[in-house]
Amino acid sequence: MEKCEAAAKDIRGETLNPRVRAQHLDLASLKSIREFASKIIEEEERVDILVNNAAVMRCPHWTTEDGFEMQFGVNHLGHFLLTNLLLDKLKASAPSRIINLSSLAHVAGHIDFDDLNWETKKYDTKAAYCQSKLAVVLFTKELSRRLQGSGVTVNALHPGVARTELGRHTGMHNSTFSSFTLGPFFWLLFKSPQLAAQPSTYLAVAEELESVSGKYFDGLREKAPSPEAEDEEVARRLWAESAHLVGLDMAHESPGRGHSLPR
């Protein structure tokens, strides 16, 4: 929160906009997601743009507070629940947009419905990451189908590789060889965080994308995702599984809270 508050302060100073706020959200906790969504619904008049940007990459075999494999739990399930809880607000603010950050790594992903949370097979950090990022594209496709005619669009995005701490678990930061020999090359290949944020900004505000939905972008260009990412049956099944895992089934939602699955 300290870093988040500092970033908000910088933005307020640069834009002279006093209405830039930082709020706490832990995507590895369904309780935290629900609390955050309730606060946004209560305190904000509108939600015009939702950018689901957070991620964890190739971490050890950790689990979230609710027992999900960390990468699947944070990268997909956390955003899945958050987006659904904010959907009524997004619809009421239409035309509005949702941007889901995926990765080029989704092309190597496969959704293993028999073991989504890596409970039985040997844990593979790379395969788990790729599965989570494929799930993001499939979620985008199915959500777009459900939002037709609502004035809310949703697209998935590979922003490029940025010089951030996302790769802290890959070992690159700790390798002397990587740091000294490959460091200068990586510096040239990797985008600055500011540059890597441009595709998200483009998808959020570009007038020509006003009615574009359900697409996958590589940087600023629309691109075909992997064949599995376009499988409607897999997308529908993943939605049902995800809704069940996060307790978003209609029966689990208490009346009057404004949280429901899109029809």
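Our subject is the structure listed above.
A short tour of the structure in this document, coming up.

Scoring rules and cut-offs
Position labels on residues start from 1 in each chain and follow its written sequence. The predicted nature of this model means local features are confined to residues of pLDDT at least 70 and side-chain atom pairs, given and counted, to a pLDDT of 80 or more, with totals for whole chains, interfaces and linings taken over all residues. Side-chain descriptors were evaluated using all non-hydrogen atoms of the structure, hydrogens and water having been removed beforehand. Helical segments are the DSSP runs of H or I of at least four residues, strand segments are the runs of E of at least two, and each set is numbered from the N terminus. Any two residues having at least one pair of non-hydrogen atoms within 4.5 Å are treated as being in contact. Definition of a polar contact: a pair of N or O atoms within 3.5 Å, with one able to donate and the other able to accept a hydrogen when the atoms are protein atoms, and with sequence-neighbouring residues admitted only if both atoms are side-chain atoms. We place a 1 Å grid over just the protein atoms. Points where a 1.4 Å probe fits but has no way out form a cavity, open points with protein on both sides within 12 Å along at least 5 of 7 lines form a pocket, and any residue with an atom within 4 Å of a point lines it. Grid points are joined across faces, edges and corners, and a volume is the space filled by probe spheres set on the points. Gly counts as polar in this scheme, as do all residues outside two lists: the nonpolar Ala, Val, Leu, Ile, Met, Phe, Trp, Tyr, Cys and Pro, and the charged Asp, Glu, Lys and Arg. Each residue is assigned to one of three classes by its accessible area relative to the maximum for its type, calculated with a 1.4 Å probe on protein chains only: buried under 20%, partly exposed between the two thresholds, exposed over 50%. Two strands make a pair as long as DSSP finds a minimum of two bridges between them. Crossovers are described as right-handed under a simple rule: with the strands pointing away from the observer, the path leading from the first strand over the helix to the second runs clockwise. We count a salt bridge whenever a side-chain nitrogen from Lys or Arg sits within 4 Å of a carboxyl oxygen from Asp or Glu. Note on method: axes are straight lines fitted to C-alpha atoms, helices fitted across the in-contact stretch only, with angles between N-to-C directions ranging 0 to 180 degrees. Angle categories are assigned with fixed cut-offs, so that under 35 degrees is roughly parallel, over 145 is roughly antiparallel, 65 to 115 is roughly perpendicular, and the rest are oblique.

This part is about the environment of Glu142. With respect to the helices and strands, Glu142 occurs in helix α4 (residues 125–146). Residues Glu142 and Glu230 lie 88 residues apart in sequence; the distance between their C-alpha atoms is 9.6 Å. For Glu142, the residues in contact, after removing those within four places along its chain, are Ala235, Arg236 and Trp239. A polar side-chain atom of Glu142 sits 2.6 Å from a polar atom in the side chain of Arg145. Here Arg146 takes part through its side chain, which lies 2.9 Å from a polar atom of the side chain of Glu142.

Okay, the layout of surface pockets next. The calculated volume of the second largest pocket comes to roughly 170 Å³. Around the second largest pocket sit Lys141, Glu142, Arg145, Gln148, Gly214, Ala229, Glu230, Asp231, Glu232, Ala235 and Arg236, which together line it. Looking at the lining of the second largest pocket, the elements with two or more residues in it are α4 and α8 (232–245). For the lining of the second largest pocket, the class distribution of residues is two nonpolar, two polar and seven charged.

Attention now moves to the pairing of strand β2 (residues 96–101). Extensive coverage of β2 is indicated by the burial of six of its six residues. Taken together, the four bridges between strand β1 (residues 49–52) and β2 define a ladder with parallel strand orientation. Paired with Val51 across the strands is Ile99, a residue of β2. Crossover connection from β1 via helix α3 (residues 70–92) to parallel β2: handedness right-handed. In the sheet, β2 pairs with strand β3 (residues 152–158) via six bridges, with the strands oriented parallel. Considered in β3, the bridge of Ser96 is made with Val152. Each parallel crossover has a hand, and for β2 linked through α4 to β3 it is right-handed.

Here the structure, examined in full by the defined rule, presents 11 salt bridges. With a closest N to O distance of 2.9 Å, Glu142 and Arg146 form a salt bridge. Within this pair, Glu142 and its partner Arg146 are both found in helix α4, separated by four residues, close to a single helical turn. Judged by its relative accessible area of 2%, Glu142 falls in the buried class. When the shortest N-O distance is used, the salt bridge between Asp218 and Lys223 registers 3.3 Å. Owing to a relative accessible area of 26%, Asp218 belongs among the partly exposed residues under this scheme.

Our focus in this paragraph is the sheet that holds strand β4 (residues 216–218). The pairing of strands in a sheet happens through backbone hydrogen bonds and is either parallel or antiparallel. Strand order across the open sheet formed by five strands is β1-β2-β3-β4-β5, with mixed pairing between neighbours. Of all strands in the sheet, those bounded by a partner on one side alone are β1 and β5 (221–223). Adjacent strand axes in the sheet meet at a mean angle of 30° when their direction is disregarded.

A separate point is the packing of α3 against α8. At their nearest, the axes of α3 and α8 sit 10 Å apart, and the two run at 85° to each other. The orientation of α3 relative to α8 falls into the category roughly perpendicular. Residues Phe72, His76, Leu77, Phe80 and Asn84 of α3 form the contact with α8, whose participating residues are Leu238, Trp239, Ser242, Ala243 and Leu245. When its residues are assigned to classes, the contact of α3 with α8 shows seven nonpolar, three polar and no charged.

As enumerated under the stated definition, the model contains two cavities of 30 Å³ or more in all. Of the voids in this model, the largest cavity is the one considered here, and its volume is about 40 Å³. As for the largest cavity, its lining consists of Asn52, Asn75, His76, His79, Asn100, Leu101, Val136 and Phe139. Of all the elements in the fold, those that place two or more residues in the lining of the largest cavity are α3, β2 and α4. Counting residues per element, the lining of the largest cavity draws most heavily on α3, which supplies three residues. A breakdown of the residues in the lining of the largest cavity according to their chemical character gives three nonpolar, five polar and no charged. The space that makes up the second largest cavity amounts to roughly 30 Å³.

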